[in-house]
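# Structure assessment
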Amino acid sequence: QIRALKWIHENIAGFGGDPDNITVFGQSAGGRSALALAVSPLSRDLVRHVSIQSAGGIGSMMREDSREKLEKMGIEIMQNLGCGTIEEMRQLDWQSLRDENDKLGFFNGFGMYADGYVIPYDIDEMIIKGDMGDRDIIIGCTVDEGANEKEPMFGSNTCAQIRAFGKIMLKLGRKPVYRYVFDRPQPGDDIGTPHSCDNRYQFGTLDGSWRPYTEEDWRLAETMQKYWANFARSGDPNGEGLETWETYDDRELSLRLCVDKCTMVDYNSETKGMLGEIEEEILNQF
């Protein structure tokens, strides 16, 4: 990712782009990667705008593993595959590697770790200490990831983690973030508003799903695309014809992205103070 980012920075002018106006954004593990690019000393000066989507903020369940844990996992996989060297591993077909990796499970596979170089130390600690660039940031989640009174997906309250992130940026005197909650129950069944369902709106690919999306879903998709395009252009998602998206401040409001009128909402009030309590628990860990 860093190599690709450097290539863009070095070459984008040849395509009519601005190397000093680069945006990175990602969802879920991609959101954590976007955050890592914003804090790594190898890449943070190359990024101007960052959008972190459904990946938490401070206290995320996607925090870095230790090098020791990942090395142990690697040795176990090599042994399971009957290999004793990297050269032997490279002779295996990709299906065997994939199948063995899949046995680790969704949350137990290989991820980032603080190697002391790409990521100097724990990302959350880097953020809290202000050891990162001052960037324009969008950060948010879906409503069922902790912005309501339901048990959040994966048992991890992403919305509270994002609140903690927004509060840290204010405390550090950094640019206040643009917070959102995607709040559109998916039509066609009772799944609610699950992790990653907002991707189809952001990319305008609703017609690739079996769900009975309506004109109001397409309008929401268009609204989201305008917000994010404006953000990539200037660092400010606001623009003509859009409801004002205010930055996160002491009022602790989030933009509610929904098929009704998009408005600024206090989700902590909506959850009777639950989010604030969980947020304090997160911050007290550091």
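Below you will find a few notes about this structure.

Right, let's talk about the pairing of strand β4 (residues 178-182) for a bit. In terms of burial, β4 is largely enclosed, as five of its five residues are buried. Burial along β4 is two-sided: the residues Y178, Y180 and F182 and R179 and V181 are all buried. For strand β3 (residues 136-142) and β4, the ladder comprises five bridges, and the chain directions are parallel. Counterpart to T142 in the pairing with β4 is F182. In this fold, β3 hands off to helix α7 (residues 158-172), which returns the chain to β4; that crossover is right-handed. Here three bridges tie β4 to strand β5 (residues 254-257), and the two strands are oriented parallel to one another.

Quick look at a nonpolar patch on the surface now. On the surface, M61, F106, F107 and F154 cluster together into a nonpolar patch covering about 470 Å² of accessible area. By the secondary structure assignment, M61 is in the loop between β2 (49-53) and α3 (67-80).

This part is about the pairing of β3. The side chains of a regular strand alternate, residue by residue, between the two faces of the sheet. Burial within β3 is extensive, with seven of its seven residues counted as buried. Here β3 shows no split at all, with D136, I138, G140 and T142 on one side and I137, I139 and C141 on the other all buried. Bridge count for β2 against β3 is five bridges, and the pairing is parallel. Within β3, the residue paired with H49 across the bridge is D136.

This part takes up the packing of α7 against helix α11 (residues 274-283). Axes are the key here: two packed helices are described by the angle between their axes and the distance separating the axes. As a packed pair, α7 and α11 sit with axes 8 Å apart at the nearest point and diverge in direction by 65°. In this structure, α7 crosses over α11, and the sense of that crossing is right-handed. Note on element contacts: α11 touches α7 through L275, G276, I278, E279, E280, I282 and L283, opposite C159, A160, Q161, R163, A164, K167 and I168. Of the residues contributing to the contact of α7 with α11, the split by class is eight nonpolar, two polar and four charged.

With 41 residues, the main nonpolar core has V50, I58, I127, I137 and F165 as its most contacted residues. Put simply, the parts of the chain that give this core at least two residues each are α1 (2-11), α2 (29-39), β2, α6 (123-128), β3, α7 and α11. If you tally residues by element for this core, the top one is α7, at seven residues. The residues touching F165, leaving out its near neighbours within four places in the chain, are L35, G57, I58, I127, I137, I139 and V177. The next biggest cluster of nonpolar side chains, apart from the first, holds 21 residues, and it includes Y178, F182, Y201 and W228.

Next up on the list: the pattern of salt bridges. This structure, assessed with the given rule, holds 25 salt bridges. Between D45 and R135 there is a salt bridge, and its shortest N-O distance comes to 3.5 Å. Of the two residues, D45 is situated in the loop between α2 and β2 and R135 in the loop between α6 and β3; the sequence distance between them amounts to 90 residues. R135 sits in the buried class, given a relative accessible area of 16%. Ionic pairing is found between D217 and R184, a salt bridge with its closest N-O pair at 2.8 Å. One end of the pair, D217, is in helix α9 (residues 215-234); the other, R184, is in the loop between β4 and α8 (199-203), and 33 residues separate them in sequence. Judged by relative accessible area, R184 falls into the buried class, the value being 12%. Each of R163, K167, E252, E279 and E280 takes part in a single network of salt bridges with overlapping partners.

By secondary structure assignment, the location of E71 is in helix α3. Sequence-wise, E71 and F110 are 39 residues apart; in three dimensions their C-alpha atoms are separated by 9.7 Å.

Moving on: α3. For α3, spanning 14 residues, the distance from its first C-alpha to its last is 20 Å, which sits close to the expected 20 Å at 1.5 Å a residue. Among the residues of α3, those classed as buried are L70, M73, I77 and M78. Looking straight down α3, one finds that the buried residues subtend no more than 135° of arc, so they occupy a single side. In α3, those exposed residues whose orientation departs by more than 90 degrees from the buried face are E68, K72 and Q79. Residues of α3 that are buried make contact with α4 (86-90) and α5 (94-102). Immediately downstream of α3, the backbone of G82 shows phi near 75°, a positive value.

Further remarks concern the packing of aromatic side chains. Scanning all chains against the criterion turns up nine aromatic pairs. A ring pair is formed by W7 and F15, whose centres lie 6.3 Å apart and whose planes are at 45°; its orientation type is tilted. Judged by relative accessible area, which is 45%, W7 ranks as partly exposed. On the accessibility criterion, F15 (63% relative accessible area) is exposed. With 6.3 Å between their ring centres and 90° between their planes, Y180 and W245 make a pair best called edge-to-face. Separated by 65 residues along the polypeptide, Y180 in strand β4 and W245 in the loop between α9 and β5 bring together distant segments of the chain. Residue Y180 shares its accessibility class with W245, and that shared class is buried. Clustering of aromatic rings is evident, with ring pairs tying together Y178, Y180, Y227, W228 and W245.

Here is what the cut-offs are and how they apply
- Residues numbered from 1 in each chain as written.
- Predicted model: local features only at pLDDT ≥ 70, side-chain atom pairs only at ≥ 80, totals over all residues.
- Heavy atoms only, no water.
- Buried < 20%, exposed > 50% of the residue type's maximum accessible area, 1.4 Å probe, protein only.
- Helix = DSSP H or I, 4+ residues; strand = E, 2+ residues; numbered from the N terminus.
- Pairing = 2+ DSSP bridges.
- Right-handed = clockwise from strand over helix to strand, strands pointing away.
- Patch = residues over 30% accessible without salt bridge, like charges linked within 9 Å, V, L, I, M, F, W, Y side chains within 5 Å.
- Areas by Shrake-Rupley, 256 points an atom, 1.4 Å probe, with all protein chains shown as cover.
- Salt bridge = Lys/Arg side-chain N within 4 Å of Asp/Glu carboxyl O.
- Axes fitted to C-alpha atoms, helices over the stretch in contact; angles between N-to-C directions.
- Left-handed = near helix turned anticlockwise from the far one by under 90°.
- Contact = heavy atoms within 4.5 Å.
- Nonpolar A, V, L, I, M, F, W, Y, C, P; charged D, E, K, R; others polar.
- Core = buried A, V, L, I, M, F, W, Y, C linked by side-chain atoms within 4.5 Å.
- Expected span 1.5 Å × (residues − 1).
- Arc of directions from axis to C-beta.
- Phe/Tyr/Trp six-rings, centres within 6.5 Å; stacked < 30°, edge-to-face > 60°.

In short, the description is geometric, and any link to function would need to be established separately.
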